[in-house]
Amino acid sequence: MAPYPQGPPVGRRPSKRSKLRVGTFIEPSTGERSRRTFTLRLPLRRRSVQAALNGNGTSSNTSILPVFSNQQSISERSHAAAHNLRAGVVRGCQWLNSPTGRGVLKCTLAYTIASLATFLAPISDFLGKPDGKHVVATITVYFHPARSAGSMIEAILIAIVAVAYAQVVSILSMCTSVLFGGVWGNPALAHTLVLVVFIGGGFGFMGWLKQTMNNPLVNVGSTLASLAIIGVVTKETAVLTSVFSNQKIIQILKMLAMGITTTTVVNLLVWRISAVHLLRQSMTKTSTALGDMLAMITHGFLSGAEDELVSKEFNAASAAYQSAYPQLTKNLREAKFERYFLGQEKIYQLDRAVVKSMETLAQSVGGLRSAANTQFALLKESFEQADQPPLSPRMQRAASTILKSGKDRSLVLQAIREASDEGDDDDDRVPPESDTRRSNVPTVRSFRNSGDIFELFIALLGPSMKSLAYTLSEVLRDPPFGSAPKYEITINDQFRQSLTDALGLFNDARAKALQELYKHLEMDRTRSEQIQADFEEVAAACGHFSFSLQSFAEEMQKYLDVLDDLKYESQFKRRSWHWLVWWRSKHHHSRFFPVLPYNQVPEEQEGLIKPIKKTAIPKGIPDSMLQRRDTYNWEAAKNQSSRVVATLSQKLLRLMRRLARDDVLFGLKVGIGAILWAMLAFIPQTRDVYQHWRGEWGFLSFMIVCSMTVGAANTTGWARFLGTMIGAGAAYVNWNVTQGNALGLIVLGWLMAFWSFWMMIARGQAPLGRITLLAYNVSTLYAYSLSQKVDDDDDDEGGMNPIIGEIVWHRFIAVTAGILWGLIVCRLIWPISARKKFQQGLSMLYLQMGLIWKRGPLAMLLRSDYSRSYLKSGEMTALKKYAARLDALRASAASEFELRGPFPAAQAGKLMQCANRLLDAFYAMSLVTQRRGHLTEGERALLLYTAEERRALCDRICHVFQVLASSLMLEYPLTDAIPSVLGQRDKLLAKIFRFRKEHMPCRTLQDINMDRDRDRDSSSSPVTAAERANSYATAATSFGQGADGSWNNSLRGSIDSLEESSSSNSININNNPLAHVTLEERDYALLYAYALVTGQVAEELSEVAREIEGLFGVLDKESILLQ
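The numbering scheme is per chain: residues are counted from 1 as the chain's sequence reads. Local features in this predicted model are restricted to residues of pLDDT 70 or higher, and side-chain atom pairs are both shown and tallied only at a pLDDT of 80 or more, whereas totals for entire chains, interfaces and linings draw on every residue. In computing side-chain properties, one takes all heavy atoms of the structure into account and sets aside hydrogens as well as water.

Caption draft 1: Broad picture of unusual backbone geometry. Although it is not a glycine, W271 sits at a positive phi angle of roughly 50 degrees. Helical segments are the DSSP runs of H or I of at least four residues, strand segments are the runs of E of at least two, and each set is numbered from the N terminus. Looking at the secondary structure, you find W271 in the loop between α9 (247–269) and α10 (275–303). With a phi angle near 45 degrees, W830 is a residue other than glycine that sits in the positive phi range. Locating W830 in the fold gives a position in the loop between α27 (804–828) and α28 (834–854). A simple rule labels every residue: compare its accessible area, found with a 1.4 Å probe on the protein chains alone, to the largest value its type can have, and call it buried under 20%, exposed over 50%, or partly exposed in between. Exposure remark for W830: the relative accessible area of 39% places this residue in the partly exposed category.

Caption draft 2: Quick look at a nonpolar patch on the surface. Patch membership requires over 30% relative accessible area and the absence of a salt bridge. Like charges are linked within 9 Å, and nonpolar side chains (Val, Leu, Ile, Met, Phe, Trp, Tyr) within 5 Å. To measure how exposed things are, a 1.4 Å probe is used in the Shrake-Rupley method; for residues, cover is taken only from the protein chains shown. Salt bridges are defined as contacts in which a side-chain nitrogen from Lys or Arg sits within 4 Å of a carboxyl oxygen from Asp or Glu. Taken together, the side chains of L652, L655, M656 and L659 make up a nonpolar region of the molecular surface, amounting to roughly 400 Å² of accessible area. Mapped onto the elements of the fold, M656 is located in helix α20 (residues 643–659). Among the residues examined, M656 registers a relative accessible area of 48% and is labelled partly exposed.

Caption draft 3: Main features of empty space enclosed by the protein. Using protein atoms alone on a 1 Å grid, points that fit a 1.4 Å probe yet trap it form a cavity, whereas open point sets bounded by protein on both sides within 12 Å along at least five of seven lines form a pocket; residues with an atom within 4 Å of a point count as lining. Grid points are joined across faces, edges and corners, and a volume is the space filled by probe spheres set on the points. The tally for this structure, following the rule as stated, stands at nine cavities of 30 Å³ or more. Computed from the structure, the largest cavity encloses a volume of approximately 190 Å³. Contributions of two or more residues to the lining of the largest cavity are made by α8 (216–235), α9 and α23 (695–705). The element that contributes the greatest number of residues to the lining of the largest cavity is α8, accounting for six residues. A class-by-class count of the residues in the lining of the largest cavity yields ten nonpolar, three polar and three charged. If you go around the second largest cavity, you meet 16 residues; those closest to its centre are W697, R720, L774, A775 and V778. Any residue that is not Ala, Val, Leu, Ile, Met, Phe, Trp, Tyr, Cys, Pro, Asp, Glu, Lys or Arg is counted as polar, Gly included; the first ten are nonpolar and the last four charged.

Caption draft 4: Quick peek at the pattern of salt bridges. Under the criterion given, the structure shown has 22 salt bridges. Across the pair R574 and E569 runs a salt bridge whose closest N-O atoms are separated by 3.0 Å. In this structure E569 comes out as buried when scored by relative accessible area, which is 7%. One salt-bridge network, in which partners are shared between bridges, spans R835, E898, R900 and E971.

Caption draft 5: Region of interest: helix α26 (residues 766–786). Here α26 spans 30 Å end to end across 21 residues, near enough to the 30 Å set by a 1.5 Å rise per residue. The buried fraction of α26 amounts to 19 of the 21 residues, a majority that puts the element mostly inside the structure. Here the expected length of a helix is defined as 1.5 Å per residue gap, with one fewer gap than residues.

Caption draft 6: Highlighting the nonpolar core. In this structure, Y111, F143, F203, F699 and F757 are the most contacted members of the largest nonpolar core, which totals 94 residues. With eleven residues, α8 is the single largest residue contributor to this core. For this analysis, residues touch if any pair of their heavy atoms sits within 4.5 Å. Residues contacting Y111, with those up to four places away along its chain left out, are A137, T140, V141, G749, A753, F757, L773, Y776, N777 and L781. To qualify as a nonpolar core, a set must consist of buried Ala, Val, Leu, Ile, Met, Phe, Trp, Tyr and Cys residues joined through side-chain atoms within 4.5 Å. Membership of the second largest hydrophobic core comes to 76 residues, among which are F301, C542, L560 and L563.

Caption draft 7: Spatial organisation of the side chain of Q557. Residue position: Q557 is located in helix α17 (residues 529–572). By relative accessible area, Q557 is classed as buried at 15%. Those residues in contact with Q557 that lie beyond four places of it in its chain are R496, L499, T500 and L503.

As structure tokens, this is what we get:
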């Protein structure tokens, strides 16, 4: 901002006890209007005090006392040790009774029961003589019961499909071997077909499916199918000797059925967990977190203190939402299976609508936070001008005092101070409204800095804003669902009417406050255009925050509507199973489901955007760019090449492009790696080595380690290697301790399972805990099976007297070799680098955002008369999902090693944070442009008047986006000549300010002409604002959207011709149709929001540029590039 000619107002120092005047607010639960004193921070303080009293779930009886203090006597140390022992037991019991502890106990119980298939003779005999009965326990490790009933239903369905697929592949491979090897006498051809078709094709298909679905349960199902196929095709001799034997096939089928049944029974009968109940809990946590953030953001805006948004309370509320939202989406998916299984399809549709509404509210909270941050930045910028000349001594003294005061800097905004949390009884006495209004509303007639404008705005609208925020936050904090176990909907029916009344009061106060603000802003007309732009920016911040709060309240109304519908539907619970007729059309299903507020899509926008699958990995360079790369050479040489050759070449290239897709290449890579490993079991010279070192476990390790990217493969490989070492070591110790006794092995196995599942569920290290238990399982249970006279060629491992050292060593070597083979395949055969994918994906995300902004958020409204938004249907959802996939790639890229150095994880994280903030800004702009209705006469006139400036601003932003995206893609340094966005934005703000001066109700024709003469004298351009307005009005009739979404050439032509032509100095205002338009304050809301969001976009682009400069450097004019 430019320095101001005068300093800030200097008067008496505001008291820290000064308050915001009391306003009328609506009590949400009763709808009663009240004027008592309240604060937005009080509920937070009460909860923090209660948490402190509770000690976060620990009392004085469970606290840990110091034992080895030098000031303690022996008796005191003994007493402290005994107390700590009792406290540890109490804490352990409390943890075991928690959901996490119960989950660990359930998993341990299921594993122990499944291990009895090896230890109990009747069950072992039922499974047959072949070894491998530990697979029953293995299934309970993969499909563990510590999940909701909905997730269990999904797991059962996936397990059934995996088992059926494994049986089909096993039977077909055996039949092929018998036909070609036994009947036709060509075993080499039989083995080749089995390797290529059933090993390469079967495992390659599983690899492709695993990456296409990208579902953890699908990965588990793929591992289960791999285990079954490997056991039949490569381990047993039936396929190798071309003999058909169904003994192993039937045994595997029994073991799979027994394992799935065991984990299902434990899941449903022991502490059953409902995904619907978990969904209700996560909804309550999300709603409470949103209410807390809304209250603190509004309080920070009212107080002018940025400390509110960096406080521990706000970080805790934000962290609560960040942890609750992933659980919300996860529980919604799992609840779908429960709802559909019970015939509650309509309730699920309403559950999904509630989740969507919460996502929208979260986006609105992000917009509010951005608006508040803009206020803080403007205030800080205004205060920092004190260090820049020229300043009067009075300004320097005042600014120096403000800057030295640190946190008290906001005290200069007297009217912004809110009531403190704690006060005397005198503070609760409410003065008459007339007295508070006269004592708090300043009588400033001339603004000298940004603080004056904010002070007046808060004095006018602060009470109403605080009242609305209180009503909204209390509605969100009130739990919409009851307590366990039913979690019935307890939403208060009065909330809807209370919110409507509160919103009505706020809208009236907002219109009056903005009108009064601009009346004061018009008092001084002697400022330069730069100062005018700065003041208009401040006014935009005030208007945008109030409008964002209004939009949040309107979204809250939709949220309450959906909750009412959910409450009504839950009371009747009409059942239907229309999903069973999945072949019916969507129109057939739509007749049975309600029309929800968040499912209404304009007819002209349907099908415009193909949604990005949540599981899809970002492609990077899109197909449209690749297609252009593949065809531009042929198009350039159209007259020099044969049409037939060109057609055939392009068709062949398109086919190769399809085969070169990441998912197809990954499937081919997995198939090739599987063939190369499995062929060791079919070649006579290597068959004995394969069987001696238990190559089947290396084969399974290869399938587990193979991941889409190199970084993910490294992470999985390290976890499997470490888990194998721990599990093998535990198996060796336990076997030697128990000497193969079944009862001892069951007890020690229970302890091992408890620790492993604790790592998986409580610590979140699922790969390490799972592989540890599996390594222990395949060693200990296999060794016990050998001692029970199973049919196996096990002489090399002791036979009936198993040598545990040999067994553990063979498994460790096989698993390690499989891990190394998986890493080699992922690295050498069509490697997919997470670094490169992240780099390309982030570049495309920035480029896509630039192209979206190029459409012109406000120009789109002018073309469609407010019936369409610049964001197409489903576009923001696609962008958000794309950004989430990039975050996952960023985590994988951190595990990749390159000779150029480690992955810059910190810089990549900052770039993603900027991208997410940019998406929030885009969404905030879309909220403004999604308002239903039509353009008013004033809005249309203002949009036409500023068309040229907005077009230039959109072009500049798109240009900067493209420059940054290109630098990221090519890893080229930036130059020090990136065009500025803020300069173009200042021109837009100044244009808005001039338009307002021309259309103030108190302005006369003589005043307008005088201002135009002054503007003409100070401007180098020969074209005045009135001439441009006439040009826009003339071009408005031909103003439309082109096929590519660009600006209409007729308007640009009119503007360009007018710029180049010279006009008369005499302007006839009466002939200008825009000069007689009557405007209201709400007509300026669009431009205010646009200017503010543009400022946020400009700041984030500057931050992105700084991060790129830190990575790739900067090119200056002295750089030598030609070598």
